[in-house]
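# Geometric and topological summary
Okay, here's what each chain looks like letter by letter:
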Amino acid sequence: MKKTALLLIISILIVSILSVSGCSKKEETNSEKAKDIEKQTENTPMNLTLLGMSASGPGLIMMNGVAECINKSYPNSVVTIVPGNNGTNVPRINNNEADIAMSDNVFTSAGAAGEAPYDKKMDNLASLAVMQPQVFQIVANSNLGIDSFDQIIKNKMKVRISLGLAGGAWPYFFEKLLAEYGLTIDDMSNWGCEILYQGIGDSCQMLSDDRIDVIVAAVFVPTPNIQELSKNKDIVLLKLEPEMINNLCEKYGYFNSDIKTEYYDFLDEDIPSLHTNSILIVPKNSSDENVYKITKSIVENLDYLKTVHSSFADISEEKLVEDLDYPLHPGAEKYYREKGIIK
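Since the structure is predicted, the reported quantities are computational estimates derived from the model, not experimental observations.

### Structural notes on the overall build of the protein
- In terms of regular secondary structure, the protein is built from 13 helices and 10 strands.
- Split into buried and exposed, the 343 residues of the protein put 49% on the buried side.
- Within the structure as shown, the protein displays about 16700 Å² of accessible surface, and the carbon and sulfur contribution to it stands at 49%.

Below, the structure written as structure tokens:
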């Protein structure tokens, strides 16, 4: 009887050991499978739509650079770039019409607050990275005989002026600048100015052909289109009055900026101006995984990104989150924290 009971106990112990061993192996197998799935997901090609800027100009160059970063980190990804502009990109991202877009701090903050030029608050916006400043450059035919924008206003000069594409940062800034003088675009038209809305490429060509006199642009510096224009046309960059610059910075979130002589051969002195920060924005409801991967691809390929445009030469990991006054998407924040870029 005792022998039978002992055998029974031994049998139960053996079954228990085998059962535990089996569970352990099963758990180990499941863990390995989970890691394999995670690794496969991490390296999975992406299918993304990017909202860029106009069909010509530095903004498009930058977005092409971002697309290439994604392809370098995630080969065989399908990245489609659709034209856009700073102003219209904000509501389009809010409406999930694309995965990532370029805009700036002024438009993004206005969208979140529901302030002009928007008529309602947008709650589906998040930032991914600061790229480069978009510096306001007022280019004029030197035949006008002026060196400041103030002279156009005070003398009510009848100039033909291109303000960039409608809905973009250029006309929005110009309206704010005129408001500091107590004027509107209609006021300028009424005293004989001709107002056009063309992108940087077309604007520079028109000034070269004497079809316009002035360009108002918010682009990276140096701007290749402006450099090229200066080779066959005598042009100047018009100064802005310090009071105007300070007022716009205080009221709307612009930043003081200087266009330095090192940027353009035709400059004899630094030109006081102001800029916005170009930022990459994403829908707030984007998956953390997707935004994490996009952020990772940009950081991993910063050396490449420095080569796509001369204004990116000093871009760094730290600058991607510098002066970023709009909340990061959790996926981007996770990557930056893992890398130690933010604490």
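### Some thoughts on the side chain of Ser-77
- Here Ser-77 shows up in the loop between α2 (58-73) and β2 (78-82).
- Accessibility expressed as a relative area gives 10% for Ser-77, which makes it buried.
- At 2.6 Å, the side chain of Ser-77 and the backbone oxygen of Tyr-74 are in polar contact.
- The contacts of Ser-77, once residues within four sequence positions are left out, are Pro-45, Met-46, Ile-70 and Asn-71.

### Here's the deal with the packing of aromatic side chains
- Scanning the model with the defined rule gives 10 aromatic pairs in all.
- The interplanar angle of 40° and the centroid separation of 4.8 Å between the aromatic rings of Phe-107 and Tyr-172 together place this pair among those described as tilted. Taken together, the residues Phe-107 in helix α4 (residues 105-113) and Tyr-172 in helix α6 (residues 169-180) connect sequence positions 65 residues apart.
- One aromatic cluster is present, formed by Phe-107, Tyr-118 and Tyr-172 through successive ring pairs.
- Above the plane of the ring of Tyr-304 lies Lys-72, whose end atom (NZ or CZ) is 4.9 Å from the centre.
- Over the aromatic face of Tyr-292 sits the side chain of Lys-334, whose NZ or CZ is 5.4 Å from the ring centroid.

### Here we look at the nonpolar core
- Within the largest apolar cluster, 110 residues are counted, with the highest numbers of intra-cluster contacts made by Leu-128, Leu-280 and Tyr-336.
- Here this core takes 11 residues from strand β4 (residues 125-141), the largest share from any one element.

### Observations concerning α2
- With 16 residues, α2 extends 23 Å from end C-alpha to end C-alpha; this agrees with the ideal 22 Å at 1.5 Å per step.
- Those residues of α2 not exposed but buried are Pro-58, Gly-59, Met-62, Met-63, Gly-65, Val-66, Ala-67, Cys-69, Ile-70 and Ser-73.

### Regarding helix α11 (residues 288-300)
- Relative to the 18 Å expected for 13 residues at 1.5 Å per residue, α11 spans 18 Å between its end C-alpha atoms, a close match to the ideal helical length.
- All buried positions along α11 are accounted for by Val-291, Lys-293, Ile-294, Thr-295, Lys-296, Ser-297, Ile-298 and Val-299.

### Structural notes on the pattern of salt bridges
- All told, the structure shown has 12 salt bridges when counted by the stated rule.
- Residue Glu-180 is joined to Lys-251 by a salt bridge in which the shortest nitrogen-to-oxygen separation is 2.9 Å. Residue Glu-180 is located in helix α6, and its partner Lys-251 is located in helix α10 (residues 242-252); the two are separated by 71 residues in the primary sequence.
- Here Glu-180 falls in the buried class, since its relative accessible area comes to 18%.
- One salt bridge in this structure joins Asp-210 and Lys-233, with 2.4 Å as the shortest N-O distance.

### Some points on the layout of surface pockets
- For the largest pocket, the calculated volume is near 530 Å³.
- In this structure, the largest pocket is lined by 22 residues; those nearest its centre are Gln-132, Pro-133, Tyr-263, Asp-314 and Lys-319.
- Breaking the lining of the largest pocket down by element, the ones donating at least two residues are β4, β9 (255-259) and β10 (271-283).
- With 5 residues, β4 is the single largest residue contributor to the lining of the largest pocket.
- Residue composition of the lining of the largest pocket, grouped by class: 10 nonpolar, 6 polar and 6 charged.

### What to know about a negative patch on the surface
- A cluster of acidic residues, Glu-318, Glu-322, Asp-323 and Asp-325, forms a negative patch on the protein surface.
- Mapped onto the elements of the fold, Asp-325 is located in the loop between α12 (302-305) and α13 (330-339).
- According to the relative accessible area criterion, Asp-325 is partly exposed, its value standing at 48%.

### Topic: the packing of α11 against α13
- Packing of α11 against α13 brings their axes to within 7 Å, and their N-to-C directions diverge by 45°. The angle between α11 and α13 falls in the class oblique. The handedness of the crossing between α11 and α13 comes out as right-handed. Here Asp-288, Val-291, Tyr-292, Thr-295, Lys-296, Val-299 and Glu-300 of α11 come into contact with α13, specifically with Pro-330, Gly-331, Ala-332, Lys-334, Tyr-335, Tyr-336, Glu-338 and Lys-339.
- Of the residues belonging to the contact of α11 with α13, the class tally is 7 nonpolar, 2 polar and 6 charged.

Parameters and conventions
- Along each chain, residue indices are assigned from 1 in the same order as the chain's sequence is written.
- Where local features are concerned, this predicted model is filtered to residues with pLDDT of at least 70; where side-chain atom pairs are given and counted, the filter is 80 or more; whole-chain, interface and lining totals use all residues.
- Side-chain metrics in this entry use all non-hydrogen atoms of the structure; hydrogen atoms and water are not considered.
- Helix numbering and strand numbering both begin at the N terminus, where a helix is a DSSP run of H or I of at least 4 residues and a strand a DSSP run of E of at least 2.
- Categorising residues by exposure relies on relative accessible area from a 1.4 Å probe, with only protein chains included: less than 20% of the type maximum marks a residue as buried, more than 50% marks it as exposed, and the intermediate range marks it as partly exposed.
- Each accessible area is a Shrake-Rupley estimate made with a 1.4 Å probe; only the visible protein chains count as cover when residues are assessed.
- Whenever a nitrogen or oxygen atom comes within 3.5 Å of another N or O atom, the pair is scored as a polar contact, on the condition that within protein one atom can donate a hydrogen and the other can accept it, and that pairs from neighbouring residues in sequence are kept only if both atoms are in side chains.
- By definition, residues are in contact when any of their heavy atoms lie within 4.5 Å.
- When the centres of two rings from Phe, Tyr and Trp lie within 6.5 Å, Trp using its six-membered ring, the rings pair. Their planes under 30 degrees apart give stacked, over 60 give edge-to-face, and anything left gives tilted.
- Should the NZ of a Lys or the CZ of an Arg lie within 6 Å of a ring centre and within 35 degrees of the ring normal, that charge is described as sitting over the ring.
- Joining through side-chain atoms within 4.5 Å is the link that ties buried Ala, Val, Leu, Ile, Met, Phe, Trp, Tyr and Cys residues into a set, and such a set is a nonpolar core.
- In this scheme, a helix's expected span is set at 1.5 Å multiplied by one less than its residue total.
- Salt bridge, as used here, is a side-chain nitrogen of Lys or Arg placed within 4 Å of a carboxyl oxygen of Asp or Glu.
- In this analysis, the protein atoms alone were mapped onto a 1 Å grid. Cavities are point sets where a 1.4 Å probe fits without being able to get out; pockets are open sets with protein on both sides within 12 Å along at least five of seven lines; lining residues have an atom within 4 Å of a point.
- Grid points are joined across faces, edges and corners, and a volume is the space filled by probe spheres set on the points.
- When residues are sorted by character, Ala, Val, Leu, Ile, Met, Phe, Trp, Tyr, Cys and Pro go into the nonpolar class, Asp, Glu, Lys and Arg into the charged class, and all the rest, Gly among them, into the polar class.
- Patch membership requires more than 30% relative accessible area and the absence of a salt bridge. Residues of like charge join within 9 Å; the nonpolar side chains Val, Leu, Ile, Met, Phe, Trp and Tyr join within 5 Å.
- Neither His nor the chain ends contribute to the count of charged residues, in which Lys and Arg are positive and Asp and Glu negative.
- In this description, the location of a charge corresponds to atom NZ of lysine, CZ of arginine, CG of aspartate or CD of glutamate.
- Axis angles are defined between N-to-C directions and span 0 to 180 degrees, where every axis is a line fitted to C-alpha atoms and, for a helix, only to the segment in contact.
- Oblique is the label for any angle not covered by the other classes, which are roughly parallel (under 35 degrees), roughly antiparallel (over 145) and roughly perpendicular (65 to 115).
- Note on convention: the crossing is left-handed when the near helix lies turned anticlockwise from the far helix by less than a right angle, right-handed when the turn is clockwise.

Interpretation in functional terms is not warranted from these geometric data alone.
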